[in-house]
Amino acid sequence: MTPGSRNLALAGMAVSVLVLIGAVFTLIGSLGLLRMPDFFTRLHGPSKATTIGIGSLLVASALYMSFRGPGLSLHEFMISLFIAITTPVSSHLLAKAAR
């Protein structure tokens, strides 16, 4: 096994772990949406858990694309930043509108 293929295998394992973590957090957020009793607690579960889940999936995508292509992939980090900014703001506005 050459050092390059070893790094590629390690990157593949890291991507797999990050995808699983992202899928679990997204599933937990979706279950929170179904199981919580009222609007405000339903809003809390998905906004927190799915933000972490989508962030993990986007980091996995950036890692995969960086190892697959010639350079560092920054598109996913821009998407993560956008989601990290807009999700709390939209949740706050929905909660204010529900009062």
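Residues numbered from 1 in each chain as written. Predicted model: local features only at pLDDT ≥ 70, side-chain atom pairs only at ≥ 80, totals over all residues. Heavy atoms only, no water.

### Points about a nonpolar patch on the surface
Just so we agree on the cut-off: Think of a patch as exposed residues, more than 30% relative accessible area, with no salt bridge, where like charges cluster within 9 Å and nonpolar side chains (Val, Leu, Ile, Met, Phe, Trp, Tyr) cluster within 5 Å. Each accessible area is a Shrake-Rupley result for a 1.4 Å probe, and residues are judged covered by the shown protein chains and nothing else. Take a side-chain nitrogen of Lys or Arg and a carboxyl oxygen of Asp or Glu: if they are within 4 Å of each other, that pair is a salt bridge. Here a helix means four or more residues in a row that DSSP labels H or I, a strand means two or more in a row labelled E, and each is numbered from the N terminus.
Together, V17, I21, F25 and I52 give the surface a local cluster of nonpolar side chains, amounting to about 320 Å² of exposed area. The element best represented in the nonpolar patch is helix α1 (residues 3-35), accounting for 3 residues. Inspection of the secondary structure puts V17 in helix α1.

### A look at the packing of aromatic side chains
Note the cut-off: Here a Phe, Tyr or Trp ring, Trp counted by its six-membered ring, pairs with any other such ring whose centre lies within 6.5 Å, and the pair is stacked when the planes are under 30 degrees apart, edge-to-face when over 60, and tilted otherwise. The buried label goes to any residue with under 20% of its type's maximum accessible area, the exposed label to any with over 50%, and the partly exposed label to all in between, with areas taken from a 1.4 Å probe on protein chains only.
Inspection of every chain in the model, using the stated rule, returns 1 aromatic pair. Consider the rings of F39 and F40, whose centres lie 5.6 Å apart with planes at 75°: the pair is edge-to-face. On the basis of relative accessibility, which here comes to 39%, the residue F39 falls in the partly exposed class.

### With respect to the packing of helix α2 (residues 39-68) against helix α3 (residues 75-98)
Cut-off, in case you're wondering: A fitted line through C-alpha atoms serves as each axis, taken over the contacting stretch for helices, and the angle formed by two N-to-C directions is quoted from 0 to 180°. Here the angle decides the label: under 35 degrees means roughly parallel, over 145 means roughly antiparallel, 65 to 115 means roughly perpendicular, and every other value means oblique. Any two residues having at least one pair of non-hydrogen atoms within 4.5 Å are treated as being in contact. In this classification, Asp, Glu, Lys and Arg are treated as charged, Ala, Val, Leu, Ile, Met, Phe, Trp, Tyr, Cys and Pro as nonpolar, and every other residue, Gly included, as polar.
Contact pair α2 / α3: the axes reach a minimum separation of 9 Å and the direction vectors enclose 175°. One way to sum up the angle between α2 and α3 is to call them roughly antiparallel. Contacts between α2 and α3 involve F39, F40, L43, S47, T51, I54, L58, V59, S61, A62 and M65 from the first element and E76, F77, I79, S80, I83, T87, S91, L94, A95 and A98 from the second. Along the lines of polarity and charge, the residues of the contact of α2 with α3 split into 14 nonpolar, 6 polar and 1 charged.

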